[in-house]
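So you can see what is in the structure, the chains are spelled out below.
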Amino acid sequence: MPEHDSILRVTGLGALALAAIACAAGVAGLLRRGLGRGRRVRAVEPEAAVPRPVRHTGRRIAAIPGQRRTGPRAEAVRLTPEERDAFAGLVRRFGEGG
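These numbers come from a predicted model, not from an experiment.

Engineer: Explain the overall build of the protein chain here, please?
Structural biologist: Looking only at helices and strands, one finds two helices and zero strands in the protein chain. Relative to its full complement of 98 residues, the protein chain shows a buried share of 3%. By element, 59% of the accessible surface of the protein chain is carried by carbon and sulfur atoms, the whole surface being about 10,000 Å².

Engineer: What exactly am I supposed to notice about helix 2 (residues 81–96) here?
Structural biologist: Since the α-helix advances by 3.6 residues per turn, residues separated by three or four positions end up pointing in the same direction. A rise of 1.5 Å per residue sets the reference length of helix 2, with its 16 residues, at 22 Å; its end C-alpha atoms lie 23 Å apart and thus fit the reference within 8%. Within helix 2, only one of the 16 residues are buried, leaving the element largely exposed. Following helix 2 by one or two positions, Gly97 adopts a phi angle in the positive range, close to 90°.

About the cut-offs
- Residues numbered from 1 in each chain as written.
- Predicted model: local features only at pLDDT ≥ 70, side-chain atom pairs only at ≥ 80, totals over all residues.
- Heavy atoms only, no water.
- Helix = DSSP H or I, 4+ residues; strand = E, 2+ residues; numbered from the N terminus.
- Buried < 20%, exposed > 50% of the residue type's maximum accessible area, 1.4 Å probe, protein only.
- Areas by Shrake-Rupley, 256 points an atom, 1.4 Å probe, with all protein chains shown as cover.
- Expected span 1.5 Å × (residues − 1).

Below, the structure is given as structure tokens:
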């Protein structure tokens with residue numbers, strides 16, 4: 001080992017490489033399990049070698065949850081008239097730069 005390489009740098013690079021390999025293996029496993037169900041490989045015919053547009057089939061990876069259709073619930077706080085006036089004054093002060 002060269003003298004300018006420290007033990008922490010070498011072990012850090014090794015740990016980073018192992019983490020990258022583990023992540024790649026995990027993603028490959030998800031894709032294999034989530035998208036590989038019921039798929040069959042067909043032989044490519046010579047006239048079918050022309051690329052066709054790919055259509056989205058709507059399949060998702062089961063391990064990744066879908067997005068919510070709605071956002072979080074809106075929050076509201078009821079203010080008394082005094083609080084409303086104080087807030088309006090504060091907004092005016094911020095608008096004036098003071």
